[in-house]
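Next come the chains, spelled out residue by residue.
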Amino acid sequence: MERRATSILWYRRCLLAIVLLFIGIGARWIWVYRHGLTLDIDEAGYLCLAVVDYNGLLYGGLHGWIAAIDMPSIQAPLTTALASLVFALVGPHVIAGFVVPLAAGAGCILAASMMGRVLGTRRVGLMAAVLTASCPVIIIYARAFQFAMPAALVTTLALVAILRSARFARVSWGAAFGLCLGLMPLARTMTIAFVPGLVAAAFIVVIVDPLHRIRRLGVLLGSLVLAGSVSATWLWPNGRLVTHYLLSYGYGGHARNYGPHTSKLGFDAWRAMLQDFGSSLYLPHLLMIILGFLGLLAITVRSAAADGAAQTARRILQSQALPVVIVAAEAVLVLTTSNNKGTGFFAPIVPSLLALTAWSLWRLSTSRRVDATVAILVALVAILGTVPSLDLRSPLARETVLGLPVLTGITVTQGRGTIQIAQAFVGYGARGAVEPVDRTTSRAWVTLSTVAADWLTQTFGLHATIAFAFRNGLFNVNTVNLAELLHAHGAFAEIQIDPAVTRPSVAGYRDWLKTVSASACALLTSDRLGGDFPPAIDRPMVAEAARQAGFVQRHLWPAPDGQMIGVWTPALTPPQCGVSVQG
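Keep in mind the model is a prediction, meaning the values are calculated, not measured.

Right, let's get into the side chain of arginine 34. With respect to the helices and strands, arginine 34 occurs in the loop between helix 1 (2-33) and helix 2 (41-69). Within polar-contact distance, the side chain of arginine 34 engages the backbone oxygen of threonine 38 at 3.2 Å. Residues in contact with arginine 34, not counting those within four places in the same chain, are Trp29, Leu39, Glu43, Ile95, Phe98, Arg143, Ala144, Thr418 and Ile419.

Below, the structure written as structure tokens:
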């Protein structure tokens, strides 16, 4: 008994040390490389929502907070709502919002260890925790104000609840499953695509065991009703918007911006899936998961050879690992069928896959020598995943790439976060630069958004409609709106040109401008291409289209990269635009 208590204490201390190291290293990185510096367009937009939620709470109490969360939107509300509660404690500071993804990343480590513990032993739980804490996709998105980590946390906890529910004999864990399943679409809308896999896994674990099947099926149905009720709090009023958004960006016109059309399940689609999966995990962790999958095959073959196919099939159906495999397979299948693999779309299944990997390696262990080999392998993978991400100034932070026969140029290690990757993606910095935009320039971009927001507010009013005729990664509708929310406590109504629906011609741009001229107080343009998301907008064509549509250029701001941001007004300024701009 004393030995068991010592083992439990050792396990808890090791797990606590892993989590505290993850939080400490991540918090330091966020403070050094994110505080007061640029945000990517998604982060700025999500932080806008968090500030709106905070303002709702500040000025309207609980009712105002709920009303702000339930405003029509395509963006899942959980992360932004939680950030608004952090703002309520410390004030609406951008850096404070990063507490939410960092805490969710730490939660993923704990959830992975729980899953490993349920699948196997405490040692498996620690292996799962180490692999999760060192996995690049977990590290990177725990340091970004994105939805990936909260989505990964609730998805992993939903799977843990299935495993802990004793095939839904335990009502408490059945309720936990329903709550987490319901929170998945509220954490990130794209996780709706993963819900069928979880529901299928839950039904299978219930029906394969005949003992008290009807009662357990009732518990499962009750948990699904709970899940539906939780999701409906936000999806019911926003379901139509979300459905259109997901279908368009997953399979429709906007999905073409993320890659060429391919056969949904052809070789190219599977190769693209594996490439994107590897780009999220990097090669060491990808190889670990492949090794874990091969381990599962080896376990199955060994069982079939020893006990026959029928007995092995029954054992698989009764296995705690089966729900994890089902959920992972369904998620991979869904992501394979879409061109848009997104930012961290694979993250929700990563902690579970790493726990499954740890379990399969443990099951294959036959001697102390094998145990030592596995421990060394896990330690090596953890080092390769963690050390490059400690500090961007380290030589190890530079990206190393390996070309493989199927995977062209897969990352082995690198220390950049999402913001550095986003800056490089839109063309800033030298090729392979660890920090594409230096700190001084980064602060200048933030200042530009603040200057623009202040000028537009003073000129046109708090709630003016502003149109953007370009899509710069560092100065855009979201960065300007966030600056206005933080400084003027108002929000612009903003329109951004959409190249997926606007023809790349003077006539096409002119048609778009005519649709916005009746409401737009100002049109923002750029004089040269730089820092745009592809496909880029043709600058000279937009300027000519603006002149033909009756817009007049009134003001200019110099951007840190040398381009000039122009402010144009329509010939007749709409009456809601406050002060008219004189030439």
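Read on, since the account is not over.
Turning our eyes to something else, we now look at the pattern of salt bridges. Two side chains carrying opposite charge are able to pair once their charged atoms lie near each other. What the rule picks out here adds up to nine salt bridges. For aspartate 371, the salt bridge goes to arginine 123, with nearest N and O atoms at 3.4 Å. On the criterion of sequence distance, the pair formed by aspartate 371 in helix 17 (residues 368-386) and arginine 123 in helix 6 (residues 122-133) is long-range, its members being 248 residues apart. Aspartate 371 sits in the partly exposed class, given a relative accessible area of 25%. Looking at arginine 123, the relative accessible area reads 37%, which means it is partly exposed. One salt bridge in this structure joins aspartate 307 and arginine 315, with 2.8 Å as the shortest N-O distance. By relative accessible area, which is 40% here, aspartate 307 ends up partly exposed.

Per the counting criterion, the structure on display carries twelve aromatic pairs. Look at phenylalanine 168 and phenylalanine 177: their rings are 5.5 Å apart centre to centre, the planes differ by 80 degrees, and that puts the pair in the edge-to-face class. Judged by relative accessible area, phenylalanine 177 falls into the buried class, the value being 0%. A ring pair is formed by tyrosine 428 and tryptophan 445, whose centres lie 5.9 Å apart and whose planes are at 70 degrees; its orientation type is edge-to-face. Here tyrosine 428, found in the loop between helix 18 (418-425) and helix 19 (439-460), pairs with tryptophan 445, found in helix 19; they are 17 residues apart in sequence, far enough to count as distant. Exposure class is identical for tyrosine 428 and tryptophan 445. Each is buried.

Moving on to the layout of surface pockets. By volume, the second largest pocket is sized at about 870 Å³. Around the second largest pocket sit 29 residues that line it, and Gly292, Phe293, Leu296, Val325 and Leu356 are the ones nearest its centre. Listing elements by their share of the lining of the second largest pocket, those giving two or more residues are helix 12 (267-281), helix 13 (283-307), helix 14 (309-318), helix 15 (321-336) and helix 16 (350-364). Looking at the lining of the second largest pocket element by element, the count peaks at eleven residues for helix 13.

On to a nonpolar patch on the surface. Together, Leu287, Ile290, Phe293, Leu294 and Leu297 line one region of the surface with nonpolar side chains, adding up to about 460 Å² of accessible area. Inspection of the secondary structure assignment puts leucine 287 in helix 13. Under the relative-accessibility criterion, leucine 287 is labelled partly exposed at 46%.

Between the first and last C-alpha of helix 3 (residues 78-90) there are 19 Å, a value that for 13 residues agrees with the 18 Å anticipated at 1.5 Å per step. If you check which residues of helix 3 are buried, you get Leu78, Thr79, Thr80, Ala81, Ala83, Ser84, Val86 and Phe87. Structurally, helix 3 contributes buried residues whose contacts are with helix 2, helix 4 (94-97), helix 5 (99-119), helix 8 (148-164) and helix 9 (171-187). Phi for glycine 91, located one or two positions after helix 3, is positive at around 100 degrees.

Another aspect to go through is the state of the cysteines. Two cysteines form a disulfide when their sulfur atoms are joined by a covalent bond. Within the structure shown, the criterion is met by one disulfide. Each sulfur in the disulfide pair cysteine 521 and cysteine 577 lies 2.0 Å from the other. One quick way to see it: the torsion about the S-S bond of cysteine 521 and cysteine 577 is about -85 degrees, and its sign makes the bridge left-handed. Separated by 56 residues along the polypeptide, cysteine 521 in the loop between helix 21 (506-517) and strand 5 (522-526) and cysteine 577 in the segment after strand 7 (564-569) bring together distant segments of the chain. Assigned by exposure class, cysteine 521 and cysteine 577 land together as buried. Summary of cysteine pairing: cysteine 108 is not part of a disulfide, and the nearest cysteine sulfur, belonging to cysteine 135, is at 10 Å. Assessed through its relative accessible area of 0%, cysteine 108 is described here as buried. With a relative accessible area of 0%, cysteine 135 lands in the buried category.

What counts and what doesn't
Residues numbered from 1 in each chain as written. Predicted model: local features only at pLDDT ≥ 70, side-chain atom pairs only at ≥ 80, totals over all residues. Heavy atoms only, no water. Helix = DSSP H or I, 4+ residues; strand = E, 2+ residues; numbered from the N terminus. Polar contact = N/O pair within 3.5 Å; in protein donor to acceptor, adjacent residues only side chain to side chain. Contact = heavy atoms within 4.5 Å. Salt bridge = Lys/Arg side-chain N within 4 Å of Asp/Glu carboxyl O. Buried < 20%, exposed > 50% of the residue type's maximum accessible area, 1.4 Å probe, protein only. Phe/Tyr/Trp six-rings, centres within 6.5 Å; stacked < 30°, edge-to-face > 60°. 1 Å grid on protein atoms, 1.4 Å probe; cavity = no way out; pocket = protein on both sides within 12 Å on 5 of 7 lines; lining within 4 Å. Points joined across faces, edges and corners; volume = space filled by probe spheres on them. Patch = residues over 30% accessible without salt bridge, like charges linked within 9 Å, V, L, I, M, F, W, Y side chains within 5 Å. Areas by Shrake-Rupley, 256 points an atom, 1.4 Å probe, with all protein chains shown as cover. Expected span 1.5 Å × (residues − 1). Disulfide = S-S within 2.5 Å.

Treat this as a map of the structure, not an account of what it does.
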